[in-house]
Amino acid sequence: MGSENECGKLGLLWRKTKPYLLMIGLQFGMAGNYIFGKDVLNHGMSRFVFIFYRNAMATVVLAPFALIIERKRRPKMTLPVFLQIMILGLLEPVLNQSFAYLGMKYTSASFTSAITNAAPSITFVLALLTGLERVKIREVRSQAKVIGTLVTFGGAVVMALYKGPGFNIFHSAAATIQNNGDAGLASHKHQTVGALYILIGCVALSSFYILQSITVAKYRAELSLATWICMAGTLQTTIVALVAERHSGSKAWAIGWDMRLFAPLYTGVVSSGIAYYIQGLVMKMRGPVFTTAFNPLCMVIVAALGSFFLRERVYLGSIIGSIIITLGLYSVVWGKAKDHKHQEADEDTNNSLPITTTPAANDDSSTTNKPSS
């Protein structure tokens, strides 16, 4: 009896902590997306070719697992779901990745990961417009979500317009200047433009989260859905890459046993395939806003790794903007947590309502048939 109670407690603890553990683990994997992406772009690989290989490798790796694991519970493909998958392939693999990597080319991996923290607030606004989120302005939790959205946007603006002095976490300033050279000046010159590109990518990413939460409710096979999205992205990025690199020849498509192979493989499997799968699971439990609420952890990891491996400098404007974004983000998360507790309380109340019974028919009949005096 005691062991059954312990198993029940462990199961309850796992159900409560599962979405948090999945999203925290995902942030460590997503940090490599920025580091490897920035490194391979620095070495001259076309971002369009890189995105094509990333999604193609993700499709090849995920497809066997989806076919085997979900062969018995994969729902039938319908035309509306197919069209939604094609739009998902356009939003994240094509638009978000293209603009994010373009903005990263002008700035840095840590700067890109920091600006991407604006995605939860954008997701909240889009969820509000589509009816997935509701705001009761007189309630504190709704006020926290609205204020947090505005603060997050303000932090992104600070990062885009103000740079300030910079420093390196792991390397000396002389080594940083020697390795970055003119790239640091170009980053300073085009920081606002790079931030704008990254924010455009954030809008596409937030739209992707909203549509994914809708699609996963209809197509309840998360691994298969992730594979379909990667496949749709591969088809569309093929067309984009062929048009963009039509004058580059076969050299632009060449890969070898180096970062040009490893970077697309890692980002494809982890940042596309596994990320789509985990996000789909967590969205079913907590919704799209919660799914995007763990980006600040990724930002910290990327800042440390970028300084160590890429010798990137961290600037005062990025630190101030990151702090503002994080405060606003967790104001939104706090409001979402209160929403979830309120929803659970309503469900418990509904489940515990007493069952009222009407007097039995035979009692009425007995009273009716009772002989009169």
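Residues numbered from 1 in each chain as written. Predicted model: local features only at pLDDT ≥ 70, side-chain atom pairs only at ≥ 80, totals over all residues. Heavy atoms only, no water.

**Notes on the overall build of the protein chain**
In step 1: In terms of helices and strands, the protein chain carries 15 helices and two strands.
In step 2: When the 373 residues of the protein chain are sorted by exposure, 47% land in the buried category.
In step 3: A fraction of 90% describes how many contacts in the protein chain between residues 6 or more apart in sequence connect residues 24 or more apart.
In step 4: Counting every atom, the protein chain has about 19300 Å² of accessible surface; 67% of that belongs to carbon and sulfur. (Helix = DSSP H or I, 4+ residues; strand = E, 2+ residues; numbered from the N terminus. Buried < 20%, exposed > 50% of the residue type's maximum accessible area, 1.4 Å probe, protein only. Contact = heavy atoms within 4.5 Å. Areas by Shrake-Rupley, 256 points an atom, 1.4 Å probe, with all protein chains shown as cover.)

**What to know about helix 5 (residues 119-130)**
In step 1: Between its first and last C-alpha atoms helix 5 spans 16 Å; for 12 residues at 1.5 Å apiece the expected length is 16 Å, and the two agree.
In step 2: A119, P120, S121, T123, F124 and A127 are the residues of helix 5 that are buried.
In step 3: The first or second residue beyond helix 5 is G131, which carries a positive phi of 85°. (Expected span 1.5 Å × (residues − 1).)

**Quick notes on the packing of helix 5 against helix 6 (residues 140-161)**
In step 1: Two elements in contact, helix 5 and helix 6, have axes separated by 9 Å at closest approach and are oriented at 130°. Viewed along their axes, helix 5 and helix 6 adopt a mutual orientation that is oblique. Every pair of crossing elements has a handedness; the one defined by helix 5 and helix 6 is left-handed. Residue-level contacts link S121, F124 and V125 of helix 5 to K145, V146, G148, T149 and T152 of helix 6. (Axes fitted to C-alpha atoms, helices over the stretch in contact; angles between N-to-C directions. Parallel < 35°, antiparallel > 145°, perpendicular 65-115°, else oblique. Left-handed = near helix turned anticlockwise from the far one by under 90°.)

**So, a nonpolar patch on the surface**
In step 1: A surface patch of nonpolar side chains, about 450 Å² in accessible area, is lined by F65, L67, I68 and I69.
In step 2: Residue placement: L67 occurs in helix 2 (residues 47-69). (Patch = residues over 30% accessible without salt bridge, like charges linked within 9 Å, V, L, I, M, F, W, Y side chains within 5 Å. Salt bridge = Lys/Arg side-chain N within 4 Å of Asp/Glu carboxyl O.)

**What to know about the nonpolar core**
Generally speaking, soluble globular proteins have nonpolar side chains that are buried together.
In step 1: In terms of nonpolar packing, the biggest core is built from 31 residues, with M23 and V302 touching the most fellow members.
In step 2: Where this core is concerned, the elements lending two or more residues are helix 1 (2-42), helix 2, helix 3 (79-106), helix 11 (259-286) and helix 13 (295-309).
In step 3: By residue number, the principal contributor to this core is helix 1, which donates eight residues. (Core = buried A, V, L, I, M, F, W, Y, C linked by side-chain atoms within 4.5 Å.)

**A word on the pattern of salt bridges**
In step 1: Throughout the structure, instances matching the rule amount to five salt bridges.
In step 2: In this structure, E222 and R73 form a salt bridge, with 3.7 Å as the shortest nitrogen-oxygen distance. On the criterion of sequence distance, the pair formed by E222 in helix 10 (residues 222-244) and R73 in the loop between helix 2 and helix 3 is long-range, its members being 149 residues apart.
In step 3: For E222, a relative accessible area of 4% gives the class buried.
In step 4: You can call R73 partly exposed: its relative accessible area is 43%.
In step 5: The partner of R141 in a salt bridge is E139, and the shortest N-O contact between them spans 2.9 Å.
In step 6: For E139, a relative accessible area of 23% corresponds to the partly exposed category.
In step 7: Linked by salt bridges that have partners in common, E70, R73, E222 and K284 make up one network.

**Structural notes on unusual backbone geometry**
In step 1: Notably, R311 is not glycine yet its phi reads approximately 55°, a positive angle.
In step 2: With respect to the secondary-structure elements, R311 resides in the loop between helix 13 and strand 2 (314-315).

**Some remarks on the packing of aromatic side chains**
In step 1: Using the criterion set out here, one finds 12 aromatic pairs in the structure.
In step 2: Summarising the aromatic geometry, the rings of F36 and F262 are spaced 5.2 Å apart at their centres and angled 85° between planes, so their arrangement reads as edge-to-face. With a gap of 226 residues between them, F36 in helix 1 and F262 in helix 11 connect regions that are remote in the sequence.
In step 3: Accessibility expressed as a relative area gives 40% for F262, which makes it partly exposed.
In step 4: Here Y53 and W253 contribute two aromatic rings whose centre-to-centre distance is 6.5 Å and whose plane-to-plane angle is 75°, an arrangement assigned as edge-to-face. (Phe/Tyr/Trp six-rings, centres within 6.5 Å; stacked < 30°, edge-to-face > 60°.)

**Regarding the confidence of the model for the protein chain**
In step 1: With 86% of its residues at a pLDDT of at least 70, the protein chain reaches an overall mean of 82.
In step 2: Throughout residues 173-187 the model reports pLDDT below 50, and contacts reaching past four residues in sequence, or to other chains, amount to 17 contacts.
In step 3: Below pLDDT 50 for its whole length, residues 365-373 participates in zero contacts with residues either more than four positions away or in separate chains. (pLDDT = per-residue confidence, 0-100.)

**A look at the environment of S206**
In step 1: Looking at the secondary structure, you find S206 in helix 9 (residues 191-218).
In step 2: The class for S206 is buried, based on a relative accessible area of 0%.
In step 3: On a C-alpha basis, the gap between S206 and P288 in space is 8.6 Å, while along the polypeptide they are 82 residues apart.
In step 4: Here S206 is in contact with A119, I122, T123 and L126, once residues within four sequence places are set aside.
In step 5: A distance of 3.0 Å separates the side chain of S206 from the side chain of T123, its partner in a polar contact. (Polar contact = N/O pair within 3.5 Å; in protein donor to acceptor, adjacent residues only side chain to side chain.)

**Thoughts on helix 13**
In step 1: Spanning 15 residues, helix 13 covers 21 Å between terminal C-alpha atoms, matching the ideal 21 Å at 1.5 Å per step.
In step 2: Among the residues making up helix 13, those that are buried are N295, P296, C298, M299, I301, V302, A303, G306 and S307.
In step 3: Within two residues after helix 13, R311 carries a phi angle of roughly 55°, on the positive side.

**What about the side chain of N33?**
In step 1: Within the element layout of this structure, N33 appears in helix 1.
In step 2: At 2.7 Å, the side chain of N33 forms a polar contact with the side chain of Y101.
In step 3: Setting aside anything within four residues of it in sequence, one finds N33 in contact with R54, Y101, Y266, T267 and S271.

**What about the packing of helix 3 against helix 9?**
In step 1: The N-to-C vectors of helix 3 and helix 9 enclose an angle of 155°; their axes lie 8 Å apart at closest approach. If you check the angle between helix 3 and helix 9, you find them roughly antiparallel. In this structure, the crossing between helix 3 and helix 9 has a hand that is left-handed.
In step 2: Residues belonging to the contact of helix 3 with helix 9 are distributed by class as follows: 19 nonpolar, eight polar and two charged. (Nonpolar A, V, L, I, M, F, W, Y, C, P; charged D, E, K, R; others polar.)

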